[in-house]
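# Reading the structure
Okay, here's what each chain looks like letter by letter:
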Amino acid sequence: MTEQNTTSKRHVAPCKCAHCGEPVPASMIEAGAGEDALLFCCVGCEAVYHALHEAGFDDFYRFSAIPVGSNLQAKPSITTPNTIPAQILAKEATVCEDGSLELMLGVDGIHCAGCVWLIEQMPRAVEGVREARLDMGRGRLAVRWDAAREETPDEFLAWLGRFGYEARPLDGSKIQGHDGSDRAMLRRVGVTWALAGNVMLLSAAHYSGLDLESAPMIATASRWLMLILTTIALFYGADVILRRAWAAVMASARAALSGLGASPLSVDVPLALGMLIGWASSAYATVTGVGDIWLDSVAMLIAAVSSARWVQVRAGRAARQRAEQLLAILPQVARRLSPDGQVEEVNLDELAPGELVEVRAGEVCPADGVIEYGEAALQRGVMTGESRLEPASVGDDIEAGVLAADGSIHVRVRAAGDATRLGELMAWIDERGSKRAALIQQADRLGGWFVLAVLSAAALAGIFWGVSDFAAGVSVAVAILVVSCPCALGMATPLALALATGRAASRGIFIKHDDTLEACASADVVIFDKTGTLTRGAPRVSERFGDEGAMLLASALEARSTHPIASAIVDAFGHHQSARVEVLEDRPGRGVRGMVDGQEVLVGRPEWVIESLEQSPAGGTPREDILARCEDYKEAGSTVVMIAVDGDLEAVLGLDDALRPEAKAIVENIRAMRVRPMILSGDHAGAVDAIRVELGMPEEDVKANLTPEEKLAIVDELCASGAHVVMVGDGVNDAAALQRAHVGVAMSGGAHLALAAADVFLTGEGLRGVEQLLEGSRDVMTSVRRNILYALGYNVIGVTVAALGGVTPLIAAIAMPASSVVLLIMTLMHRTFDESAPLSPEFSSRDVDIEHRASAGGGASL
Amino acid sequence: MSILFVLVPLALILATVAVLGFIWAVGRGEFEDLETPAVRVIFEDDGSFKQDQR
């Protein structure tokens, strides 16, 4: 493919990044559309593209399969503190050998190779920085800088911010695996496989004829060697399994003794039992020189199980990490103002209600309270997902976690620490427990029955054979216990779930826990929030009536405002570029009055516009047709905006929060899966009903005007009635319900808290992920059920053959790994969340969006 | 066959060296990030993208 060819192809597909091919976010489409018609997903890509182009290295794009980063796409900047407090530096930064400091930062907004390149240019761009190394997959940046230069940390934060990367120091104690548990696990996997490999090599000699009669010295030596290696594997590699199995047995015994009845044994118990019996009988055989040895089977089993655990732990890591990272927002220090005006920095937990704290520009408020001094633009994205700035001044409430984007304020603390709204919600999120018990118990019960069945089979067969020949009886019993090791039971299910979780993540569906998939598969009810979930969460002009010219004037005036309604009007009618605009009055919640090209224009709520007209000296007559339309729109549930020019009512607009284009199809597909879709909304009845009619849902499944508590109550009620509930939402008012439902799904662009409360979060735009999640989870459960059936089948055959005395160590050594390999292949072949499946219409919905903007812009230029 | 008494322990010692190497690598965090290094090879040491050297 020639360079020209590639370039032209990139021009044809305008909503893919010209550099990395990732979808381009809407914000970048606006920003970058002017210049040579190339679009980029991020500033990094744009910079790299131009750097490459200038260096005459367009051939780069022939290899356009640049490893594209994980799809952890964040929306553009939420809360970016612009300074790192000294206490955090002291606590989190590590001192390197050469005296420089190193700090780990979580960075959002990394898309591709270009971002890595750009960020790693930091030592060149920021004075004092010695090294910057980015971990693309996890969005972690290690920065090392000269300890002597104190301003460097703030400078590199600002430098990152300039390119749109959101960075904040990570709390070391909260990073999973930071304590080295991840590394220990991987070490275990490597060591157990090395041991298992060597044991297998040694045992191969035995299978090919080496025995105690023909070569007693070598045979004994190699038996001892195998025993030593396997013993290391057992007590180092299988340490965790042995402990957990022991704990389960003890718990069960305690429960039985105290008369509570036996609590179920976990699947670890049969695993540990098989390993221990196999090892112990082999050790006995080695020491006495009589009997079979099963050491290769045991070593293989340990290696396989520890690998499976490692895969399992890694699978959900990305999703959990990201949620945790988002919530690492609270500052750890507060700046307290004492009554005599002194400022002192205190730890967050020393803060008490009634005290006064200072929050400077770019800082996150540490506690709930009331602003007592100053003005600031607040950014409440953590709570609401809304990235717009809201002005706030004396007397306004402020919550912990809210960013003061500009302006310095003093806040009288009302609640601090865990008593803040954020703290309460976080505490809630932390206590996961009771709701998953059922699923875990189910798996454990299976494990318990399995132990019982295998133990009684071994006992019966042992007695049967032992009556005539005691040694044969023991050998058969051991054979049964070893061969029936529930490798498949213990490994297949988590492996299938982990693989599916990984595949889902590559499609923008992040699943925090494996068992979530199980819960999704049995879902009966899917509850949708309305705003931001079924709808886009931003109003759009859906109805218009009156003079087009007036609408253009209104749009020119509204271009000066950042209110969502203003943006909707500008989106619909475009910028009226040549106009001279002067804003005379901007009343939040009411409207705007201003001069456009010498004409006085009023845009706002009907009541305010009419009232203003009545008061104005010109005193224009209200037009009946416009007033009638106004009533119609109101009845349809729309938000109504009136436009008056020079004292005359000229036009009326109806704004709706439009349904996502794919919503109807998704709801129908969900219904086709025999899952009941429902809508719970906090919005007013008119608007919700319009959506209901459009989606064709029965009235009893749609509820409006709900408080978060009522939502929670409905979810509880449904759960209590035995239904399996999946809740899809995006706002902080959904967080509780998301947490309480069997599965909570958070939409992309939602509040950080909703994201943390949810079990699943979608990073792709739109609702398609919900459908994929339901389909994929059902699919993966089919795979799991098949695996369990297979594992049970293998065991029934294995135990039967062993009971008949047919299983020798050689057969066990072949059959056990073979059964695992077959299982692994079965699982891998089952392509849940397959990428070759029909692709979600993420791109098409973006196309619609772009077209909409394009046509709106075209209309305005006429 | 007695040579096995030398060869097998020798093989095990070699295996131990490999395992120690692996443990050292894990400790250094070599397996933490498997994505970025693959991307980093396309950057030149002077900070530019790799140019054709012919």
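Residues numbered from 1 in each chain as written. Chains lettered and ligands numbered in written order. Predicted model: local features only at pLDDT ≥ 70, side-chain atom pairs only at ≥ 80, totals over all residues. Heavy atoms only, no water.

## Notes on the confidence of the model for chain A
All names here are of chain A. Confidence along chain A averages 75 in pLDDT terms, with 75% of residues attaining 70 or more. The lowest-confidence element of chain A is helix H32 (residues 842–861), averaging 36 in pLDDT; the highest-confidence one is helix H9 (residues 216–237), averaging 91. Low pLDDT, under 50, characterises residues 1–14; the stretch is placed with 14 contacts to residues that sit more than four places away or in other chains. Overall, residues 432–438 carries pLDDT values under 50, and its contacts beyond four positions in sequence, including any with other chains, amount to 17 contacts. (pLDDT = per-residue confidence, 0-100. Helix = DSSP H or I, 4+ residues; strand = E, 2+ residues; numbered from the N terminus. Contact = heavy atoms within 4.5 Å.)

## What to know about helix H27 (residues 708–720) of chain A
Residue and element names in this part refer to chain A. The end-to-end C-alpha separation of H27 is 18 Å, in line with the 18 Å expected for 13 residues at 1.5 Å each. Among all positions in H27, only Lys-711, Leu-712, Ile-714, Val-715, Leu-718 and Cys-719 are buried. Taken down its axis, H27 places every buried residue within 160 degrees of arc, on the same side. Turned more than 90 degrees away from the buried face of H27 sit Glu-709, Glu-717 and Ala-720, all of them exposed. At the exit of H27 stands Gly-722, carrying a positive phi of roughly 95 degrees. (Expected span 1.5 Å × (residues − 1). Buried < 20%, exposed > 50% of the residue type's maximum accessible area, 1.4 Å probe, protein only. Arc of directions from axis to C-beta.)

## Considerations on the pattern of salt bridges
Residue and element names in this part refer to chain A. Counted under the stated rule, the structure contains 24 salt bridges over all chains. The residue Asp-98 makes a salt bridge to Arg-144 at a minimum N-O spacing of 3.1 Å. Taken together, the residues Asp-98 in the loop between strand S1 (94–95) and strand S2 (101–108) and Arg-144 in strand S4 (residues 140–145) connect sequence positions 46 residues apart. Look at Asp-98 and you get partly exposed, because its relative accessible area is 45%. Among the ionic pairs, Asp-239 bridges to Arg-188, the shortest N-O distance being 4.0 Å. Of the two residues, Asp-239 is situated in helix H10 (residues 239–257) and Arg-188 in helix H8 (residues 181–207); the sequence distance between them amounts to 51 residues. Across the pair, exposure class does not vary: Asp-239 and Arg-188 are buried alike. Sharing partners across several salt bridges, the network here consists of Asp-98, Arg-130, Glu-131, Arg-133, Arg-144 and Asp-146. (Salt bridge = Lys/Arg side-chain N within 4 Å of Asp/Glu carboxyl O.)

## A closer look at the side chain of Thr-36 of chain B
Relative to the helices and strands, Thr-36 of chain B resides in helix H2 (residues 36–40). Reaching out from Thr-36 of chain B, the side chain makes a polar contact with the backbone oxygen of Leu-134 of chain A at a distance of 3.4 Å. If near-sequence neighbours (up to four positions away) are discounted, Thr-36 of chain B is found in contact with Val-116, Leu-134, Asp-135, Met-136 and Gly-137 of chain A. (Polar contact = N/O pair within 3.5 Å; in protein donor to acceptor, adjacent residues only side chain to side chain.)

## Focus: the environment of Gln-121 of chain A
Residue and element names in this part refer to chain A. Residue placement: Gln-121 occurs in the loop between helix H5 (113–119) and helix H6 (122–125). Accessibility expressed as a relative area gives 14% for Gln-121, which makes it buried. Expressed as a C-alpha distance, the spacing of Gln-121 and Glu-131, which sit 10 residues apart in the sequence, is 8.9 Å.

## Details of the packing of helix H25 (residues 663–672) of chain A against helix H30 (residues 768–803) of chain A
Residues and elements named next belong to chain A. Their axes nearest at 9 Å, the elements H25 and H30 cross at an angle of 15 degrees. As judged from the angle between their axes, H25 and H30 are roughly parallel. Of the two elements, H25 crosses H30, and the hand of that crossing is left-handed. Here Ile-666, Asn-669 and Ile-670 of H25 come into contact with H30, specifically with Arg-768, Val-770, Glu-771 and Leu-774. Here the contact of H25 with H30 is composed, by residue class, of 4 nonpolar, 1 polar and 2 charged. (Axes fitted to C-alpha atoms, helices over the stretch in contact; angles between N-to-C directions. Parallel < 35°, antiparallel > 145°, perpendicular 65-115°, else oblique. Left-handed = near helix turned anticlockwise from the far one by under 90°. Nonpolar A, V, L, I, M, F, W, Y, C, P; charged D, E, K, R; others polar.)

## Observations regarding a nonpolar patch on the surface
Together, Met-217 of chain A together with Met-1, Ile-3, Leu-4, Phe-5, Val-6, Leu-7 and Leu-10 of chain B give the surface a local cluster of nonpolar side chains, amounting to about 820 Å² of exposed area. Here the nonpolar patch takes 5 residues from helix H1 (residues 4–27) of chain B, the largest share from any one element. Among the structural elements, Leu-7 of chain B can be located in helix H1. (Patch = residues over 30% accessible without salt bridge, like charges linked within 9 Å, V, L, I, M, F, W, Y side chains within 5 Å. Areas by Shrake-Rupley, 256 points an atom, 1.4 Å probe, with all protein chains shown as cover.)

## Quick look at the nonpolar core
Residues and elements named next belong to chain A. Within the largest apolar cluster, 52 residues are counted, with the highest numbers of intra-cluster contacts made by Leu-234, Met-275, Trp-294, Ile-302, Ile-480 and Val-807. Counting residues per element, this core draws most heavily on helix H17 (residues 470–483), which supplies 8 residues. Ignoring any residue separated from it by four or fewer positions in sequence, one finds Leu-234 in contact with Asp-239, Leu-242, Met-275, Leu-276, Trp-279 and Ile-302. Ile-509, Phe-528, Ile-666 and Val-760 belong to the second-largest nonpolar core, a separate cluster that totals 42 residues. (Core = buried A, V, L, I, M, F, W, Y, C linked by side-chain atoms within 4.5 Å.)

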